[in-house]
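Tertiary structure, described
Single-letter residue listing:
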Amino acid sequence: MPADDLNELLYGEDSTQHIVGVDHDASICRTLIYIRDGGKVREEVREFKPYLYIDSREILKKAGIDCETTELTSDAGLHMLARFNTCGEYDAAVRSINGYYRAQRNDFLEEPFYEIREFAHQFMVASGVTHYKAMEWEDVRVMCLAARMNVSAEIADAANKEHRVLELGVLLGDEVKIISGDDEVAMLTALVALITEHDPDVICGHQLYKQLMPFLAARAKSRKVAFSIGRGRRAAVVERYVMPLAERRLEFPRVRVFGRSMLDTWILAQNYDIFRREMDSYDLPYIANFLDVRETQREAASLDDALHETADVLGALVPNFFHLSQMLPYSLEDSVIKGNATKINSLLLREYYRQRMAIPYPVEGRSYAGGYTDVRATGIIKPVINLDVASLYPSLLLTQGIFPQSDCLGVFEKILRELLSRRLEIKHRLRTVTDKGLHRKLDAQQGTFKIIINSFYGYLGTGRMNFADMNAAERVAAVGQETVKKMAEVLTEHGCTLIEIDTDGIYLQPPPQYRSKEGHDKLVELANAQMP
C-alpha cells in the first residue's frame, strides 16, 4: 500500500491543519470547524448531509421515508447510504425505521440499518477530518478550572441554596484569575465572560464531570444565567454518560460544550491506572504526588495549588490522547472517554466510507474461553520476577494471520501492521534522541500506538462492532493459551518455581543462578530460544 494511502488510513484523508474543534449545529445542519491561526480561531462552515447505513430501499418504503440513496460497492450487509437534507429529517427517519423494525422484528434476520451516532462524528468519518494536525500539545489553548466551596465538593448539591461556590479559579498559561464575591450571579456571569474572551480549545478540571461543571450548570439555570460557554456563545448541555473502563463502567453527568473539549483529570488518572493498578486514590493531590509533578503532597486546600496541579497532571497524562485524536474521527474529549473497541471500529468505518464500500452488520457477542490463568504457589516467596510475552495477542494476530472474515478490504491487518511498524521505528529512534522535548513527544506517540495495537484482539471479541469476529477471537485466545503454557513448561525445565500465570505473563521465583540482573537476562534468553 503506498505511503500516502497508509497515512490517510491512520490519520484521515482531509489534510486541514490546526483544527482545534469540530461540532455540528443541528439547527442549520452544518458542521463548524474551528481552526487556530496564531492567537485567534477562525470558523469554517462545511455542508453536511446526515447519513444512515441501510440494507435495502425496501425498509425506507415500509417506514414511509423518501430520501436520497447511494449504492455502495458489494451487495453484502449494509450496502446503501440513505442521506437526509436536515438533522430533523434524519432523526424522524431513524425513529420511523426503528419503530417499524421493532414492530416487525420476526421478519428480519438482521437489524436493517446502522446509525453512526452524533453528527460531528458522522462528519469526521465521512470527511477524514481529524484534530490537531501539524500541532503540538503546547499549541492548544487550555483553561484549567477549580473551585472552593462552602461544603465538600463530594456532597455539594446544586438544589441546596445553602451550598455555594466561594471562589472560582482559572489558570490560563501561567496566569491565575480568581473570581469571588457574595453575588453568585455575578460570579457565574464573570466565568462565562472569561471563557468567551479567552476562547480555550480545552477546559480541564479535577472532578469536572461529576461535580464542578454539573453544579455550575445547574446553578446557572436556577439563577437564570445563560451558561453559554460553547463557541458561538452556545449553551452547555448536561447529559448522563457511561464510560467503559476495563471491567468497570463509570457513570457521570457529561457536560457538552460546543466546539471545545472538556477533560477531567479524575478520568485521565483512572485511564492511566487501568493496567498499573498502583494508585491508592484518585484525589488530585495524591495523583500529582504519584506522578511526581510536585515534590510533596499538599495538605491545605489552595485554589492556586489545585489549578497548577490540574495543569501538571493534565500535561503528564494527556499526550497519548492528544496523538490519538490526531488519528481518530473524534474530539480529544471523545478520544479519552470512548472505549478502545469503538475507536478501532471508527478507523475501519472511515476507510470503508472513503472507499464507498458496504459494511457488515454489527456482530452479536458470545462467550468463549479467554486467557489462561493459574496459581501454582502461595505464601511468602522471594525473590519474584515477572516474565511476559511482549505484545502476545497482536503478534499472534499477525503471525497466525487471524483477521476478521468480514473485512474484505483487509483494513484491520493494514492498520495493525502499520501501527506496529511505526511504533518499532519510533522506539529505535528513541535510543539516540537526546533532546528531552522531542523524546517526550516521540514517547507519547509510540505509547499511543501501543494503546491501539493492544486493543485489536479485544476488538475482535467485542459485541456490536461491525468487524468483530468471535471465532477469530476464540482462535487467538486458544493459541495464546498454548503459548503461555509452553512458556511455563520451559521455565520449569530451567528450575524456576512458578507462582502465577496470568494470560501473557508469569510470576516466578528464579533458581539461584538466575537471580542477578545478568541472570534474569540469561533466563529470558534461554526461554526465548525454546519458544516457538
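My aim in this report is to walk through the structure given alongside it, one point at a time.

The rules behind the values
Residues numbered from 1 in each chain as written. Predicted model: local features only at pLDDT ≥ 70, side-chain atom pairs only at ≥ 80, totals over all residues. Heavy atoms only, no water. Pairing = 2+ DSSP bridges. Helix = DSSP H or I, 4+ residues; strand = E, 2+ residues; numbered from the N terminus. Axes fitted to C-alpha atoms, helices over the stretch in contact; angles between N-to-C directions. Contact = heavy atoms within 4.5 Å. Buried < 20%, exposed > 50% of the residue type's maximum accessible area, 1.4 Å probe, protein only. Polar contact = N/O pair within 3.5 Å; in protein donor to acceptor, adjacent residues only side chain to side chain. Expected span 1.5 Å × (residues − 1). Arc of directions from axis to C-beta. Phe/Tyr/Trp six-rings, centres within 6.5 Å; stacked < 30°, edge-to-face > 60°.

Taken in spatial order, the five strands line up as β10-β9-β8-β11-β14 in an open sheet, and their pairing is mixed. Both edges of this open sheet fall to β10 (175–180) and β14 (261–264), since each of them pairs with a single strand only. Averaged over neighbouring strand pairs, the angle between their axes works out to 25 degrees when direction is ignored. Looking at chain direction, strand β9 (residues 165–172) and β10 are connected through six bridges and run antiparallel. Bridging from a neighbouring strand, G169 pairs with I178 of β10. In the packing of helix α7 (residues 265–276) onto the sheet, contacts are made with β11 (202–205) and β14, and the angle to β14 comes to roughly 65 degrees.

Looking at the secondary structure, you find D157 in the loop between β8 (142–149) and β9. Using a relative accessible area of 38% as the deciding quantity, one classes D157 as partly exposed. Sequence spacing of D157 and R36 is 121 residues, and the spatial spacing of their C-alpha atoms is 37 Å. Every residue in contact with D157, bar those within four places of it in the chain, is listed here: H163, F215 and R219. Looking at D157, its side chain comes within polar contact range of the main-chain nitrogen of A159, at 3.0 Å.

For the rest of this paragraph, the subject is the environment of P50. Within the secondary structure, P50 is located in the loop between β3 (40–47) and β4 (51–54). Distance in space between the C-alpha atoms of P50 and L172 is 37 Å, their sequence separation being 122 residues. For P50, the contacting residues outside a window of four places in its chain are C29, A82, R83, F84, T86, C87, Y90, F119 and Q122.

Our focus in this paragraph is helix α9 (residues 303–317). With 15 residues, α9 ought to run about 21 Å at 1.5 Å a step, and its terminal C-alpha atoms sit 21 Å apart, in line with that. Every buried residue of α9 is listed here: L303, A306, L307, E309, T310, V313, L314 and L317. What you see down the axis of α9 is that its buried residues fit within an arc of 165 degrees, all on one side.

A complete count under the given rule lists 19 aromatic pairs for this structure. Ring geometry for F48 and Y51: centres 6.2 Å apart, planes at 80 degrees, overall edge-to-face. Exposure class is identical for F48 and Y51. Each is buried. With a centroid separation of 5.8 Å and 70 degrees between ring planes, the pair formed by W137 and F322 is classed as edge-to-face. Here W137 is found in the loop between α4 (119–127) and β8, whereas its partner F322 is found in helix α10 (residues 319–327), with 185 residues between them in sequence. With respect to burial, W137 and F322 carry one shared label: buried. An aromatic cluster of at least three residues, connected via ring pairs, comprises F48, Y51, Y53, F123 and Y353.

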